[in-house]
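Residue-level listing of the chains:
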Amino acid sequence: MRALAGPVKEQPVFFVLVFLMCIQQPIQWMCYILDDRVGQTLRFLQGLAIEFAVVYIATCLIHFAKSNKAKIAVKALLYLVFWVLMGITLFLVLNFEMCISQQTLTVLVETNPKESSEFVDTYMLTNASQLSYLIDFVVLVIIAVCEWKRRAIERFLRRKLNMRFCTWFTGVCATIGIVLMLVCHGWLLCCRNSAQIYTWRHYFPYDSLDPVTQSLHAINSLRAFDNDVDFAIEQAKEVYKTTPKVEEQDSLTVIYVLGESYNKHHASLYDYPTLTTPCMERERDKGNLFVFTDVVAQENVTSVVEKNTFSINSVGDGENWFDHPNFTTIFKRSGYDVWMWDMQRTYMTKRLYTITVNAFIYNSDIERLSYTACNDTTFTYDMQLVDDFQKKAKFTKKHNLVVLHLMGQHVSFSRRYPKKSVYEKYHSADIKRSEKWLNKDKKWAIATYDNATLYNDAVMGHIFDLYRNKNAVVVYFSDHGEEIYDYRDERGRHVSYTPSPNMLRHQNEVPFVIWCSDRYKQLHPEIVSNIQAALNRKFMTDNVGQTLLNLGRIKTSYYRPERDVISPQFTTRTRLLYDHVDYDEVMKKKK
């Protein structure tokens, strides 16, 4: 026990300070309101034991350094590492209620320079960010003072503490912690795909662990998700061993439009008091637009949602996106030309993008098997993307699938529509709300979000006009929602292990509409009737691929009518959000 406690006895100031810098995340986990309080307490103690081992091993690195200069250098480096991790954790928790995770790393590596500048403008100087910087500075001062007075502190501790008890306590905690850490880290390093990562999370919830273990989880998750792409490529190749057929004699265009960060409760189409969706409402009143009322997104991160909506897997049935092919691959194999125009496309494939959604969507094998052509230009506004598609895409086949991924209302709302245009319609004075947290700046942010929603509606109206006189059907929904001071003093997207009904309402409930041209309605009255019958069904967007196969009149062994929301055979399934949250159960408790 004396040998085990030796490193801590030599560096008690370092050990205590670093332990306190890492303890914030387990304490936050303990504060979650969960039904299983006993299990939660055990997870909390498990997290503390692993944190103890991590800090203990860091202390050993100093203890075993050969010279005083080496000890000082190693200690300074370790202080810096743990201080930076603490600062990152504080920033994420205070701004987004998030911790260091694969999700945050994915957002980081998927962000291009333009989005980075928008992020800085939006979040770097918020009150929460400034508080995190202040705490970082205070901790840095405390470290400096404690190291300056280290000898005096050590003498005081030796006089006041029962050293025999401390020796045994340190030895026992180090032994238990190291065993748990080896199991935790060893298991994590053995995970080969995202499904195995999810299983590991069940036993070691990453937001109950220290920042070092969280960072290890994030990095290894990226590696595991990279393997997912390889599995997905094999599924795409399997599609070409089948012979799906198009049961449509007439020419047909299916348009799949994926929006971004669209809070449906800011759409007048869904009873928002400000007029933000005049185009869609006109189409609804004419009988061409069908509005679904109860649709949710699996998560509030584009990369997760996009993979699961492109794949024909079902999250509620426990299926992984990489074990099933994309609907785009099935469409192309059936004889469709598939056009992919994406506002968020990137070509930086040599960076960590190999494990993000763009590396999957635009993997060379996936691209060859799934698309006829993709855009090669970056645009400022969504309307420019649509116009570029119209200019460059030359239809040579009767059947075409058009995939448009918009920027929508993403992050910096005021940059999503042209300045000094008809879309700059609403201003802070137009936001007639009086909650105590709303000041002029926040009302301006709400107004810009509403303007971005109005512009998004105009983009959709433009798409409808392009296909109005053709046999065409449009499916539009958003990847996720976005909070914009709706019920509390928060904006953006946040992750909580136990999300509230309000959080799910604004971050996971999404608009979902199907638009049919007059010719499509004339040729397919049965499908239109089925759409009308499905408007109030409980649905999650991970199964949208099945609906697209139906609308595109494709006969294939991959089609599952019980998962197709417009099929009479549709079966309601569990809507599982964030791997563990039953959306309907949470909302039922609210009611």
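Shown above is the structure to which this text applies.
Asks: What's the story with the overall build of the protein in this structure? I'm lost.
Replies: The number of helices and strands found in the protein is 24 helices and 15 strands. In summary, the protein has a C-alpha radius of gyration of 27 Å against a globular reference of 25 Å for 591 residues, a match within 12%. Each of the three principal axes of the protein carries a C-alpha extent, and together these read 90 × 60 × 45 Å. Taken across its 591 residues, the protein has 58% of its residues classed as buried. Here the analysis covers contacts within the protein between residues at least 6 apart in sequence; of these, 79% occur between residues at least 24 apart. Total accessible area on the protein stands at roughly 25400 Å², and carbon and sulfur atoms take up 59% of it. Each charge sign in the protein was given a centre, from 70 positive and 64 negative side chains, and these centres are 6 Å apart.

Asks: Can you help me understand helix α19 (residues 440-466) in this one?
Replies: Every α-helix carries 3.6 residues per turn, so stepping three or four residues along brings you back to the same face. Here α19 contains 27 residues, and its C-alpha end-to-end distance of 39 Å stays within 8% of the 39 Å for a straight helix at 1.5 Å per residue. Most of α19 is tucked away: 20 of the 27 residues are buried. Where α19 begins, the side chain of Asn-439 points an oxygen toward the backbone nitrogen of Asp-441, at a separation of 3.1 Å.

Asks: What's the story with the state of the cysteines in this structure? I'm lost.
Replies: What is meant by a disulfide is a covalent connection between two cysteines, made through their sulfur atoms. With the rule as written, the count across this model stands at zero disulfides. With no disulfide of its own, Cys-60 lies 14 Å from the sulfur of Cys-173, the closest cysteine sulfur. On the basis of relative accessibility, which here comes to 12%, the residue Cys-60 falls in the buried class. In this model Cys-190 remains outside any disulfide bridge; the closest cysteine sulfur is found in Cys-191, 7.4 Å from its own.

Asks: Honestly, the nonpolar core in this entry has me stumped. Any pointers?
Replies: Nonpolar side chains in soluble globular proteins tend to end up buried together. In terms of nonpolar packing, the biggest core is built from 57 residues, with Phe-292, Phe-331, Ile-514 and Ile-531 touching the most fellow members. The greatest single-element share of this core, amounting to five residues, is contributed by helix α12 (residues 211-239). If we skip the residues at most four places from it in the chain, Ile-531 touches Phe-290, Phe-292, Ile-514, Cys-516, Leu-551 and Ile-566. Judged by nonpolar contacts, the second largest core, of 50 residues, contains Val-257, Leu-269, Val-386 and Leu-454.

Asks: Any chance you could explain the pairing of strand β5 (residues 337-342) here in plain terms?
Replies: Every other side chain in a regular strand lies on the same face of the sheet, so the side chains alternate between the two faces. Where burial is concerned, most of β5 is hidden: six out of the six residues are buried. Burial along β5 is two-sided: Asp-337, Trp-339 and Trp-341 facing one way and Val-338, Met-340 and Asp-342 facing the other are all buried. Taken together, the six bridges between β5 and strand β7 (residues 399-405) define a ladder with parallel strand orientation. Looking at the pairing, Met-340 lines up with Val-403 of β7. Of the pairings in the sheet, the one linking β5 to strand β6 (residues 373-374) comprises two bridges and is parallel in character. Within the sheet, the bridge partner assigned to Met-340 lies in β6 and is Cys-374.

Asks: Quick question: what am I supposed to make of helix α8 (residues 127-148) here?
Replies: Between its first and last C-alpha, α8 extends 32 Å over 22 residues, near the 32 Å set by a 1.5 Å rise per residue. Along α8, the residues that are buried comprise Ser-129, Ser-132, Asp-136, Val-139, Ile-143 and Cys-146. Buried residues in α8, looked at end-on, bunch into an arc of 115°, giving them a common side. For α8, the exposed residues lying more than 90 degrees away from the buried face are Asn-127, Leu-134, Phe-137 and Trp-148.

Asks: Sorry if this is basic, but what is going on with empty space enclosed by the protein here?
Replies: Over the atoms, a rolled probe matching the size of one water molecule traces out where space is still vacant. For the structure shown, the criterion picks out five cavities of 30 Å³ or more. One number sums up the size of the largest cavity: a volume of about 70 Å³. If you trace the largest cavity, you find it lined by Ser-314, Gly-316, Lys-538, Phe-539, Met-540, Asp-542, Asn-543, Phe-570, Arg-573, Thr-574 and Arg-575. Looking at side-chain class alone, the lining of the largest cavity contains three nonpolar, four polar and four charged residues.

Asks: Would you mind showing me how to read a positive patch on the surface here?
Replies: There is a patch of like positive charges on the surface, built from Arg-2, Lys-9, Arg-158 and Arg-164. Turning to its location among the elements, Lys-9 is positioned in helix α1 (residues 2-10).

Asks: Would you mind going over the packing of helix α15 (residues 327-334) against helix α23 (residues 544-551) with me for this structure?
Replies: The axes of two packed helices give the description: the angle between them and the distance between them. Contact pair α15 / α23: the axes reach a minimum separation of 10 Å and the direction vectors enclose 20°. Taken together, α15 and α23 sit at an angle that is classed as roughly parallel. The way α15 lies across α23 gives a crossing that is right-handed. From α15, Phe-327, Ile-330 and Phe-331 reach across to α23, where they touch Gly-545, Leu-548 and Leu-549. Looking at the contact of α15 with α23 residue by residue, the class counts come to five nonpolar, one polar and no charged.

Asks: Is there a simple way to explain a nonpolar patch on the surface in this structure?
Replies: On the surface, a cluster of nonpolar side chains totalling about 780 Å² of accessible area is made up of Leu-131, Leu-134, Phe-137, Val-138, Val-141, Ile-142, Val-145 and Trp-148. In this structure, Ile-142 sits in helix α8. On the basis of relative accessibility, which here comes to 40%, the residue Ile-142 falls in the partly exposed class.

Asks: What is the right way to read the sheet that holds strand β8 (residues 472-478) from this model?
Replies: For sheets, the rule is that strands pair by backbone hydrogen bonds, running either parallel or antiparallel. Strand order across the open sheet formed by seven strands is β3-β11-β8-β2-β7-β5-β6, with mixed pairing between neighbours. Of all strands in the sheet, those with a lone pairing partner are β3 (289-292) and β6, marking the two edges. The strands touched by helix α18 (residues 382-392) within the sheet are β5 and β7, with β5 carrying the most contacts at an inclination of about 145°. In the packing of helix α22 (residues 525-533) onto the sheet, contacts are made with β3 and β11 (512-516), and the angle to β3 comes to roughly 35°.

Asks: Would you mind showing me how to read the side chain of Ser-268 here?
Replies: By secondary structure assignment, the location of Ser-268 is in the loop between β2 (252-259) and α13 (278-286). Separated by 2.4 Å, the side chains of Ser-268 and Glu-281 make a polar contact. Contact partners of Ser-268, with chain neighbours within four places excluded, come to Thr-274, Leu-275, Thr-276, Thr-277 and Glu-281.

Asks: When you look at the pattern of salt bridges in this model, what are you seeing that I'm missing?
Replies: Here the idea is simple: oppositely charged side chains can pair when their charged atoms come close. One pass over the structure, following the stated rule, counts 31 salt bridges. For Asp-465, the salt bridge goes to Arg-468, with nearest N and O atoms at 2.7 Å. Residue class for Asp-465 comes out partly exposed when judged on its relative accessible area of 48%. The closest approach of N and O atoms between Arg-575 and Asp-584, which form a salt bridge, is 2.7 Å. Salt bridges sharing common partners tie together Lys-75, Glu-147, Arg-150, Arg-151 and Glu-154.

Asks: Just checking my understanding: could you explain the packing of aromatic side chains for this structure?
Replies: Two aromatic rings are characterised by how far apart their centres lie and by the angle between their planes. According to the stated counting rule, one finds 31 aromatic pairs in the structure shown. Note on Tyr-362 and Tyr-371: the rings are 6.4 Å apart at their centroids and 50° apart in plane angle, and the pair reads as tilted. Relative to Trp-515, the ring of Phe-464 lies with its centre 5.0 Å away and its plane at 15°, an arrangement referred to as stacked. Here Phe-464, found in helix α19, pairs with Trp-515, found in strand β11; they are 51 residues apart in sequence, far enough to count as distant. With respect to class, Phe-464 is no different from Trp-515; both count as buried. Among the aromatic side chains, those forming a connected cluster through ring pairs are Tyr-256, Phe-292, Phe-310, Phe-327, Phe-331, Tyr-336, Phe-477, Phe-512, Phe-539 and Phe-570. Here the basic side chain of Lys-149 rests over the ring of Trp-148, its NZ or CZ set 4.4 Å away from the ring centre. In this arrangement the basic side chain of Lys-419 is found over the ring face of Tyr-417, its NZ or CZ atom lying 5.2 Å from the centre.

Conventions we followed
- Residues numbered from 1 in each chain as written.
- Predicted model: local features only at pLDDT ≥ 70, side-chain atom pairs only at ≥ 80, totals over all residues.
- Heavy atoms only, no water.
- Helix = DSSP H or I, 4+ residues; strand = E, 2+ residues; numbered from the N terminus.
- Rg over C-alpha atoms; globule rule 2.2 N^0.38 Å.
- Buried < 20%, exposed > 50% of the residue type's maximum accessible area, 1.4 Å probe, protein only.
- Contact = heavy atoms within 4.5 Å.
- Areas by Shrake-Rupley, 256 points an atom, 1.4 Å probe, with all protein chains shown as cover.
- Lys, Arg positive; Asp, Glu negative; His and termini not counted.
- Charge placed at Lys NZ, Arg CZ, Asp CG, Glu CD.
- Expected span 1.5 Å × (residues − 1).
- Polar contact = N/O pair within 3.5 Å; in protein donor to acceptor, adjacent residues only side chain to side chain.
- Disulfide = S-S within 2.5 Å.
- Core = buried A, V, L, I, M, F, W, Y, C linked by side-chain atoms within 4.5 Å.
- Pairing = 2+ DSSP bridges.
- Arc of directions from axis to C-beta.
- 1 Å grid on protein atoms, 1.4 Å probe; cavity = no way out; pocket = protein on both sides within 12 Å on 5 of 7 lines; lining within 4 Å.
- Points joined across faces, edges and corners; volume = space filled by probe spheres on them.
- Nonpolar A, V, L, I, M, F, W, Y, C, P; charged D, E, K, R; others polar.
- Patch = residues over 30% accessible without salt bridge, like charges linked within 9 Å, V, L, I, M, F, W, Y side chains within 5 Å.
- Salt bridge = Lys/Arg side-chain N within 4 Å of Asp/Glu carboxyl O.
- Axes fitted to C-alpha atoms, helices over the stretch in contact; angles between N-to-C directions.
- Parallel < 35°, antiparallel > 145°, perpendicular 65-115°, else oblique.
- Left-handed = near helix turned anticlockwise from the far one by under 90°.
- Phe/Tyr/Trp six-rings, centres within 6.5 Å; stacked < 30°, edge-to-face > 60°.
- Lys NZ or Arg CZ within 6 Å of the ring centre and 35° of its normal.

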